[in-house]
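# Inside the fold
Each chain, letter by letter, is given below.
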Amino acid sequence: KFDRVMKVLSFDPKIRHNVFDLTRMIFMNRKLEALELLDELLKNGDHPLQIIGGMLWAWRNARNKMPFVKFTQGLVAFQEADFNIKRSQLKNEYALEVLVVKLCSS
């Protein structure tokens, strides 16, 4: 009876990923998925410095779960990405992509 007078709407809930999902992919060394999540975050309007800040927070909290060399190499990669973003050495997206690849590879 209601079909004649009402319109049925259905919502397809889309999961909104965040920077912590991105760092999970990085810690699992899943480069492709991490890069896809990074692209999604950037397309959804997340600011590159917010993304790098969240990634750094997660990286620092995981320092006891990884070898010291990997941790310090990651910090250097963060510093390079931050420099590249703030000094416009690379496009923000490229600087973050390079960072993700370095963190997955270290």
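First things first, this report covers the structure right here in the doc. (Residues numbered from 1 in each chain as written. Predicted model: local features only at pLDDT ≥ 70, side-chain atom pairs only at ≥ 80, totals over all residues. Heavy atoms only, no water.)

A separate point is the packing of helix α2 (residues 31–43) against helix α5 (residues 92–105). Contact pair α2 / α5: the axes reach a minimum separation of 10 Å and the direction vectors enclose 155°. Here α2 is positioned roughly antiparallel relative to α5, judged by the angle of their axes. Handedness of the α2/α5 crossing: right-handed. Of the residues in α5, those in contact with K31, A34, L35, L38 and L42 of α2 are E93, L96, E97, V100, V101, C104 and S105. Tallied by class, the residues present in the contact of α2 with α5 amount to 8 nonpolar, 1 polar and 3 charged. (Axes fitted to C-alpha atoms, helices over the stretch in contact; angles between N-to-C directions. Helix = DSSP H or I, 4+ residues; strand = E, 2+ residues; numbered from the N terminus. Parallel < 35°, antiparallel > 145°, perpendicular 65-115°, else oblique. Left-handed = near helix turned anticlockwise from the far one by under 90°. Contact = heavy atoms within 4.5 Å. Nonpolar A, V, L, I, M, F, W, Y, C, P; charged D, E, K, R; others polar.)

Following the criterion strictly, the structure yields 3 aromatic pairs and no others. For the pair F27 and W59, a centre-to-centre distance of 5.7 Å together with 20° between the ring planes defines the contact as stacked. Note that F27 is positioned in helix α1 (residues 19–27) and W59 in helix α3 (residues 48–61), a separation of 32 residues in sequence. Given the relative accessible area of 1%, W59 is considered buried. (Phe/Tyr/Trp six-rings, centres within 6.5 Å; stacked < 30°, edge-to-face > 60°. Buried < 20%, exposed > 50% of the residue type's maximum accessible area, 1.4 Å probe, protein only.)

Keep in mind that these numbers describe shape and distance, not what the molecule does.
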